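Structural overview for review
Below are the chains, spelled out letter by letter.
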Amino acid sequence: MRREPRPAEALTAWQHPFLNVFRHFRVDEWKRSAKQGDVAVVTDKTLKGAVYRIRGSVSAANYIQLPKSSTQSLGLTGRYLYVLFRPLPSKHFVIHLDVSSKDNQVIRVSFSNLFKEFKSTATWLQFPLVLEARTPQRDLVGLAPSGARWTCLQLDLQDVLLVYLNRCYGHLKSIRLCASLLVRNLYTSDLCFEPAISGAQWAKLPVTPMPREMAFPVPKGESWHDRYIHVRFPSESLKVPSKPIEKSCSPPEAVLLGPGPQPLPCPVASSKPVRFSVSPVVQTPSPTASGRAALAPRPFPEVSLSQERSDASNADGPGFHSLEPWAQLEASDIHTAAAGTHVLTHESAEVPVARTGSCEGFLPDPVLRLKGVIGFGGHGTRQALWTPDGAAVVYPCHAVIVVLLVDTGEQRFFLGHTDKVSALALDGSSSLLASAQARAPSVMRLWDFQTGRCLCLFRSPMHVVCSLSFSDSGALLCGVGKDHHGRTMVVAWGTGQVGLGGEVVVLAKAHTDFDVQAFRVTFFDETRMASCGQGSVRLWRLRGGVLRSCPVDLGEHHALQFTDLAFKQARDGCPEPSAAMLFVCSRSGHILEIDCQRMVVRHARRLLPTRTPGGPHPQKQTFSSGPGIAISSLSVSPAMCAVGSEDGFLRLWPLDFSSVLLEAEHEGPVSSVCVSPDGLRVLSATSSGHLGFLDTLSRVYHMLARSHTAPVLALAMEQRRGQLATVSQDRTVRIWDLATLQQLYDFTSSEDAPCAVTFHPTRPTFFCGFSSGAVRSFSLEAAEVLVEHTCHRGAVTGLTATPDGRLLFSSCSQGSLAQYSCADPQWHVLRVAADMVCPDAPASPSALAVSRDGRLLAFVGPSRCTVTVMGSASLDELLRVDIGTLDLASSRLDSAMAVCFGPAALGHLLVSTSSNRVVVLDAVSGRIIRELPGVHPEPCPSLTLSEDARFLLIAAGRTIKVWDYATQASPGPQVYIGHSEPVQAVAFSPDQQQVLSAGDAVFLWDVLAPTESDQSFPGAPPACKTGPGAGPLEDAASRASELPRQQVPKPCQASPPRLGVCARPPEGGDGTLSPSDEEGPCEESCDPEGLGQASGPPVLTEEEAGRAGDGAWAAAVGSWGLALPPRSPGQPREQWRAGQGRWCRCRGLRTVGARDTRNSGAPRTTYLASCKAFTPARVSCSPHSAKGTCPPPASGGWLRLKAVVGYSGNGRANMVWRPDTGFFAYTCGRLVVVEDLHSGAQQHWSGHSAEISTLALSHSAQVLASASGRSSTTAHCQIRVWDVSGGLCQHLIFPHSTTVLALAFSPDDRLLVTLGDHDGRTLALWGTATYDLVSSTRLPEPVHGVAFNPWDAGELTCVGQGTVTFWLLQQRGADISLQVRREPVPEAVGAGELTSLCYGAPPLLYCGTSSGQVCVWDTRAGRCFLSWEADDGGIGLLLFSGSRLVSGSSTGRLRLWAVGAVSELRCKGSGARSSSVFMEHELVLDGAVVSASFDDSVDMGVVGTTAGTLWFVSWAEGTSTRLISGHRSKVNEVVFSPGESHCATCSEDGSVRVWALASMELVIQFQVLNQSCLCLAWSPPCCGRPEQQRLAAGYGDGSLRIFSVSRTAMELKMHPHPVALTTVAFSTDGQTVLSGDKDGLVAVSHPCTGTTFRVLSDHQGAPISTICVTCKECEDLGVEGTDLWLAASGDQRVSVWASDWLRNHCELVDWLSFPMPATTETQGHLPPSLAAFCPWDGALLMYVGPGVYKEVIIYNLCQKQVVEKIPLPFFAMSLSLSPGTHLLAVGFAECMLRLVDCAMGTAQDFAGHDNAVHLCRFTPSARLLFTAARNEILVWEVPGL
C-alpha cells in the first residue's frame, strides 16, 4: 500500500484518463483492501459478469473497505468518482467516502437511503440517496424498490466540498461500501463522462462518452435510460466558483447557488426532472413518463427543522446507531445535539454553531463566544500539564481542553470532543497536543497547539484510552488503554508527518496481561518507554514495528501497587542515557529508584507519617518502616522530586530524599503533580477538583482553578458585586467572582443537599433551598447562615425573588408554595399554600418565575399539565393554562417543564414542554402568541429571554440553543456545544453582555451582538409582510376599558377547539395586571416568510362561553408560496406534527374469524355514513327562474370572472391532482376551478346548473368528468365531460334523476361508472367513445362507493350497508353484461355500513366502515380476512399505493398506514399474525376528509375537508399546509382598505379574514368562537396614519370589536347593543362608529374609548339593514354637518341624517317610507331594504326593497322626490354602486347577478353562483366586483377600468 501523496504531488499521470480502483488495488486478493461480513462474488445477469454482493441485516457489519487500514490513504486525486452499483431490493445501503481537503481536513461524505434528510457538519456530509418506491417503516425512509436497477453514481468531489463546506478538494482517502448492494466497480477521473451515449452520438455532442470498460451493456434497440439510472451529484445547475468563499454570513449553500431556487442537497437523477417532493428522491424514469411533458414544480428548499426524534438518535447527535462503528465514531465527533441542524466548526474559542440555511437572523454569526470555564477534570484529575515554556497549564474540563496562562488568568480552548477527555499529551516543542475522549470507541485528536486547529481525527484501536505520552520531538505518540475484552493494550503511533499534511500511522501495538497505570516515553531515546502498574515495572522498546517489553527485577517489592513514574531529567552537559534514572511510586508509600540500563532497583524508600506525642499534626515525613502514606503521583526535575500523596500534601524532596524541602497541604488527596520545565513551579491537582501550583522561590501556593465534583444543578448571579452562586450534587454551594472565575466562598453540608439558589437583588445575601425543605439565607459579608425557615416538607424545587427584593418565593417537591417578606434582613414567612405547584417535579432554575416588573408569579402546577400565573403580592390566581391540550397531534399528554417571563413591555410567558416545544403565551390572557416546535429531542429544563427580547436561550441536552426571538422568520437556532453532560441551567448576566450555562461545569460566554440601549419592544416579533407597502405586523395584547367578567373563556385551537384555559380576575388590589375578558386566552401562530414563501394563515381563536366573556386575537402571515416549502419553526397551528416520527401499532388489530371478546358486554357505537353522503346546498330559485342569464362571458362583456375564493367542502371526491402533469382542479359551487400551482392563475369551467358533487379524472389525464345534482330547470342531474387540454365541455349526459354520488373511469379509460345517491340507488356504465349508456341497474340498498379494479378493467366493486358487491363485466360484441356477487360483512368486523373502498395489491380490497374499522378482503375468495380499528369516526376515504394506505375520517384525522405485510397474512387465514400493520403518521385537519389525491409513493398529496379547505400534506415533513381556504359559513360582508391593497370578509363562522387583494391570499384571521360575525367596516383613510387601519366587526351577541390590522390585535370590545348587530360603519374621519341592530336601534360610539354617547331609536321595531356614510357639506340641504349618513330598516323606511360628531351634533335631513305589499318573500324571508348614496351624484339616493314592484328607486334629496325607477326581474338581495362609473350591481335570490349601466339604460345578467347572490361590492377603484353566495366568493374584473 503506497503512502498518502503530498499536496504538491496531487496531479499524477498514472491516474489519467481514469483509474479502475478495484483493479489497481487488487480487491480480489484482499491484501490492500478489507471485507467484513457477507461479501461474495456473484454473476449478474444484467451485466453478464462478476460483481461483488454485499448483504446483511446490519450495514455496519458487512462492507468492503479500501484501503485495508484506516491509517492509510488511497491518494486518488480524480475529481469525479464513479460508483457502479445496484441496491438490493427492499434493503438499505450506505456508501462512505473519506475525502481530504487541501488543508488536510478529512471529511466523511456519506450516501444512503437510510438517511431521512441532508445533514452537514464540519467533518461529515450526509446525503439521502432514496429510490422512488419506498416502504413506509419507521426510519426506513428509502428502502430500495423491488425493481431496483443498476445505477451509475457520478460524484463531483470537488464541488461537493466547495458547495457544502467551502473547502478545496485534495484527494480521496478511503472508501467503504456497506450492505446491502451489488457493486461492479469504482472509477476515478478528471473527466466528466456521459454514460448514456455511444461513440456515434458523441461525434455530434460536446460531451465525453463513458469508456467501454466503465459502460453498462445495452442490448440493441433498447434505451440506456430504460435499463439503468444515472445520478450526477451535485447537478450541473449549480454554478460553483473555482475557490472557496472567504467570508459570508450565510452558509455555503446560500452563497453559491445564486439567485435561483436553492437546490436539494441530494443526488438527483439526470434522466428525469426533479419531482414535486419534500424528500430528496432519486427518480427512476419510466418509458411512459419520458414521453410526456411533465409539469415539474420547483423543488423544495432544504430547510431541516424537523422536531422529530427517531430511535436511532441520541442526545449527542444524529442517529447513527445502525451504522458501523466507524460511522458511530464520526457521529460522536460531530458535536451536534439536535437532528436537523448544521454544525460548523470555528477556530479556537468559537464553538460550533448550528444554522439552517439563511443569512437572515443573527448578526454577527455566531452570537456567542466561549470566554471562560469554571471547572477542572471530569473523567479524572490526573491530566494536567505544563507547556514547555512554563507559561501556561493545559488541563481538561470535561469535554473541553483548557490552556490557562498562569500569569494573566486568560483561557484558551480546544473544542471538538463530545465526551470527557480521558488523556492528554504535549510534545516537547509545544507543536502537537494529543487528546483522547473517554466514551468507547475512543476518538483521538491531534491539535496544532499554537493555532488550536485540529490536525487529525482518528479512532484508537483501543476501546478506552487511559494514558498518552509523546516523545520529546513529537514524532512518536504512545497510548495505553483497554480493548473491548478488557485486556491492557499499548499502541505506538507515528505522528511526524501530521504537521506536514500526513496521517497518523500505527507503528506497533501490543497486548499485555500486566496492569499499566502509567506510561512514559524516555527523553533520551524515542524508541524506549517505561510503564508501571500492579506488581510490575516494565521497560519497553519499539523496534522493527514491534513493541516488546521486559520486567524490572523488583525483588521484595514485586507485590506493590505502583501508581506513577518519572525519569530523572539530565543536567546540562550530562545527556548520556546511562545517567538516566527512573523513579516509581506506589500506594504503600514506596518510591523506587531504578537503573534503566541495568533494570535493577538501586534505592527503595518509603514515605511514613511521624507525629510528636500529643501533637495534632504530623511532622516532616521520613523514609523508614511502618505504615506508609499512599503516593498517587510524582514528578522529577534535575534538582528535586515532587510527590503528591493521598493525605493531601505536596512535598518537595531532594533527589537523595534526605529531608523535605517544601510542602503544601491541600483540601483533598493530591492526584497529580508536575514540575515546570524550569523547575521553579510545581503544578498539583486534587481529586476534589482543585488545580494550583507552588512557587518554590516565593514559597507561595497559587490556586488556578476550583471545580464542583458533581454536576451543577442551578446558578444565580448578583449584579453589584459581579458574583455567581452555584449549587451542585456534591452538596456544596459556591460563590464565584465572574471577573476572575475564582471561587470566593463555599458552603458545605454533609447531611443536607442544596437544590436551588438565588441572590437578594439589593443586599449582600443569597438564599438557598435544600433537600430537607429548609430555605436558608447566607451573608456574603459574614459568610454565615442568617435565617432558616423549614415550612416545606419536601425538597425545595424552585427559588426566586422579585426584582425589588421585597418578596421571595419557594416551592417544594410536595407541591407547597411559600411566600416570604424580605423587606428586612430577618426575613419571615408570609404564607404557605399547599398543593399549588406540581409535586415530585425535579428541582430546576426555571421551576418558578417572576415577571420582570415583579407583579406576576408563574409556575408549573398544580399538575404537570398546567401552568399557573398568580399575583406575586396577593397570590391570587390570575390564569391557569392547560398545557396538556396544546399539542392535539401528540399521542401522549403534554406537560410543562420550565417557565420564564419575557420583558415586562412584552408581557410574554414562555413555557417549555415535554413534547420538545417552547410555547409563548400572553401572560395576562393565556393566548398562544407563537410556538417553537421541536426545539430539542429532549425536554428543556431551563430557558431565559434577554432583556431586549432579542435572544431566547434554551438548555437543550448537552447544547445551548440561541433563537432570534425578535424575528419570527428566523431560520432556526444557533447551537453551541462544549458540555459533556446535560445543561441544567442557562442565564444572561445582569448586564446582558454574557451568558452562563451550567451542567458538568460552568461556561461563560460573551454575547457578540452589539447592544441596543434605545431598543423598544414592538409588542411581538415582527411577522411577515402582508402585502406591498405593508409594514411589519405586530402582536400585542389587547385590553378593553370595560371591567373583566367573572369568568374568562377557554381558548382553543382553530381546528379543532380543545385548548382548555381557566383564568379569573384578581380579587385583591396588589397592583398586578388584570386580564380583561376580551383578552381571553387564545392562540396564535405566525408563519415566517422564509424564502419568500409561506403556507397558510394561522388562526386567531377565541372561545365564547355563553355571555361569560370572550376575546379575539390575530396573527399575520406572508404570501402563500407556489412551491409549498416545508414548514419553518413558526408553523401554523393547523399543521399538526402527529406521531412524532414514531411507528404506532394499530389499535384493536385482529384477524377476522378469530374470537373477539374485546367489546363483549358493551354495545358498539355505530356511526352513520354521513361522511359519504353529498347534500346539495339549498338552491334559492323561485318559480321565475333566471332563464335569461348567461354564463360569465370570456370577453367582450361588462364583467369577466377573475378568481374564485373557496372550495366546496360539501362535495365528495371533488378535487383531483396529478403530480406528474401538474393538473389541479377542484369545485366551488357550480364551477370547476382549474388552478396553476406555479402562477396561481385560475380557469373556470362553467355550465352546471346546480352544485357539483364529485369529479373524476381519467387515467390518461386527458378527460375530466364532473357531476352535479338536480336543479329547478332540469329533471335529471348533469354529468359534463371536459377536455383537459382545451377546457371545453365535450359531452353532456343526464344519467340519474338524483344526485351523482361517485364517478370512476376504468383502468383503460374505456368505461365510466356513475353511482346515484341513496334515493336513486342506480349504477350506470357509459362507454367513453360516445358516452352512450352501456348498462344500468338499480341497487337493492344504498351504496356509498364504487371503484374499478386497477388490475382488471372487467371488475368493479361497490360497498354499502353491510355488504360488498363484486361486479364482473362480460362483453359479448358491443353488449356488456354485469354479473354480481354479494358478500356480507362478517359479524366479527362489527360494522354496520361500509363507507369507502380502494384496491390494494392483487387480490386485496380495503374497505372503510362507519365505525372507524378498516377491513381487508380477498377479492378472489370473496372473504374478509383482516380488520383493525383505524379511527374513532367513519372512514370516508381510502387510498392505496405501493405498500401504504391512507385513511381519512369524519373526525378530521388523516392517517398513513404501512400495510406491506397484509398480502402475506391473506394466506394464513384466521391464524395470521395481525401485528404487522402499523400507523406511520397522523395529521389532524379542520374537518371531515372528503377528497384526496396523492402521488404514486404516497409521500405528498392534496386533501379536502368539509370545512372548505384544501391542504397540501407532506408525510415526510409531517405537515399539512393550507392551499385553498374559504369561509365555512355564509359570508356577510366584504370591505376594502383605503389603498385597495387588502380586503376583509366576515362570516357566520365567527371569523374576520383579511386578504391580499392582488392574489386573494389569506393574510390575517381574527376568530371568535361560538359567535357569528354579521357586519364589518374598514376605517377610512383620513382616520390617521395608514398603519393605524382598523376593522369594526359586529357580532350576534351585540358586541362590537375593534381590530388593529397593522398590529394584528383586538384593540377594543364594547357592547353598544343588547341584541345582534346587523350593520356597522365608520364616520368619514374614522373617529366614530355607527352600528345598527336587529331591534332597530342605531348606536354611536367612540372606537378609541369604547363609550356609546348616543342611541337613535327612530327605527325601533324593524332591523337596521344598511348604514351608509358619505362626506358632504350639508348647507345645500338646509342643515349643518360634515357627514351625511342614512339608515335603512326592514320596514321599508330610510332616514337621512347630517352630523358633526366632534360637536355632538346630529340632525334628521329626510325620512322616506315606501309601501310594502302583503307577500314578497324570497326563500321564505323578506328581501332586505337596501339604500346607498349615489357616488357620481351626491344628491341622489338609491333604494331597493320588498316594494310593490321589483325596481330600483332613485330619490333626489334636494328635490325631495323620486326622479327615476329602474325595473328589475326579481326582488334584489344585494346592491352596490360603482364609484368610478355609472354602474349598478344587483344580486338576486335566483342565483343571478345583474349589472346596470345607469347612464345608457342597459343591463346584462351573469350566472356563476349556485345560491342567492346576497352580497355584491365594488372596490373603491371600481376595477373589481366581489359577489358572494353563501360561503362562495367570486371576484369579477370590470374591463375598461
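What counts as what
Residues numbered from 1 in each chain as written. Predicted model: local features only at pLDDT ≥ 70, side-chain atom pairs only at ≥ 80, totals over all residues. Heavy atoms only, no water. Pairing = 2+ DSSP bridges. Helix = DSSP H or I, 4+ residues; strand = E, 2+ residues; numbered from the N terminus. Axes fitted to C-alpha atoms, helices over the stretch in contact; angles between N-to-C directions. pLDDT = per-residue confidence, 0-100. Contact = heavy atoms within 4.5 Å. Salt bridge = Lys/Arg side-chain N within 4 Å of Asp/Glu carboxyl O. Buried < 20%, exposed > 50% of the residue type's maximum accessible area, 1.4 Å probe, protein only. Core = buried A, V, L, I, M, F, W, Y, C linked by side-chain atoms within 4.5 Å. Phe/Tyr/Trp six-rings, centres within 6.5 Å; stacked < 30°, edge-to-face > 60°. Lys NZ or Arg CZ within 6 Å of the ring centre and 35° of its normal.

Details of the sheet that holds strand 124 (residues 1730-1733)
With antiparallel pairing, the 4 strands of this open sheet are ordered in space as 124-125-126-127. If you trace the sheet from one side to the other, it starts and ends with strand 124 and strand 127 (1761-1767), each paired once. Pairwise comparison of adjacent strand axes, ignoring direction, gives a mean angle of 20° for this sheet. Sheet topology places strand 124 next to strand 125 (residues 1740-1744); 4 bridges connect them, and they run antiparallel.

What about the confidence of the model for the chain?
Parts of the model with low pLDDT should not have their predicted coordinates read in detail. Mean pLDDT over the chain works out to 77, with 76% of the residues at or above the 70 mark. Within the model, pLDDT remains below 50 along residues 1178-1196, and this stretch shows 43 contacts once partners closer than five positions in the same chain are excluded.

Some details on the pattern of salt bridges
Throughout the structure, instances matching the rule amount to 50 salt bridges. For Glu 194, the salt bridge is made with Arg 232, and the minimal N-O distance between the two is 3.1 Å. You can see Glu 194 sitting in strand 14 (residues 193-194) and its partner Arg 232 sitting in strand 16 (residues 229-233), a full 38 residues away along the chain. The same class applies to Glu 194 as to Arg 232, namely buried.

Structural notes on the environment of Pro 1295
Looking at where Pro 1295 falls in the secondary structure, it is placed in the loop between strand 87 (1288-1293) and strand 88 (1300-1305). On the accessibility criterion, Pro 1295 (17% relative accessible area) is buried. Sequence-distant contacts of Pro 1295, defined by excluding residues within four places in its chain, comprise Cys 1277, Ile 1279, Val 1300, Thr 1314 and Trp 1326.

Quick word on the sheet that holds strand 9 (residues 119-120)
Pairing in this open sheet of 7 strands is mixed, and the strands run 2-5-12-7-8-10-9 from one edge to the other. A single partner strand is all that each edge strand has here, and the edge strands are strand 2 (34-36) and strand 9. The pairing of strand 8 (residues 106-112) with strand 10 (residues 124-128) spans 5 bridges and is parallel. Each residue of the ladder has a partner; that of Ser 110, found in strand 10, is Gln 126.

Quick look at the environment of Val 163
Looking at the element boundaries, Val 163 is found in helix 2 (residues 157-165). Judged by relative accessible area, Val 163 falls into the buried class, the value being 1%. The sequence separation of Val 163 and Pro 234 amounts to 71 residues, and the corresponding C-alpha distance is 8.7 Å.

Section: the nonpolar core
Counting 46 residues, the largest nonpolar core has Ile 95, Leu 97, Val 109, Phe 127 and Leu 172 as its most contacted members. No other element matches helix 2, which puts 6 residues into this core. For Leu 172, the residues in contact, after removing those within four places along its chain, are Ser 73, Leu 74, Gly 75, Leu 76, Leu 81, Leu 97, Asp 98, Val 99, Leu 157 and Thr 188. Among the nonpolar cores identified, the runner-up in size contains 38 residues, and Phe 376, Tyr 395, Ala 685 and Val 986 belong to it.

Description of unusual backbone geometry
With omega at -5°, the peptide bond leading from His 16 into Pro 17 counts as cis. Secondary-structure assignment places Pro 17 in the segment before strand 1 (18-20). The peptide bond linking Ala 179 to Ser 180 adopts the cis configuration, its omega dihedral lying at 10°. Tracing the backbone shows Ser 180 in the loop between strand 12 (169-178) and strand 13 (181-189). Positioned with a positive phi, Ala 1213 is a non-glycine residue whose angle comes to about 55°.

Quick word on the packing of aromatic side chains
In this description, a pair of aromatic rings is defined by centroid distance and the angle of the planes. Per the counting criterion, the structure on display carries 52 aromatic pairs. Between Phe 216 and Trp 224, the ring centres sit 6.3 Å apart and the planes meet at 20°, which makes this aromatic pair stacked. We note that Phe 216, like Trp 224, is buried. Taking 5.3 Å as the distance between ring centres and 85° as the angle between the ring planes, the aromatic pair formed by Phe 523 and Phe 524 counts as edge-to-face. According to the relative accessible area criterion, Phe 523 is partly exposed, its value standing at 29%. Counting every residue linked through ring pairs, the aromatic cluster contains Phe 18, Tyr 80, Tyr 82, Tyr 187 and Phe 193. Cation over ring: Arg 176 sits above Tyr 63, and NZ or CZ is 4.0 Å from the ring centre. Over the ring of Phe 770 we find Arg 776; its NZ or CZ atom is 4.3 Å from the centre of that ring.

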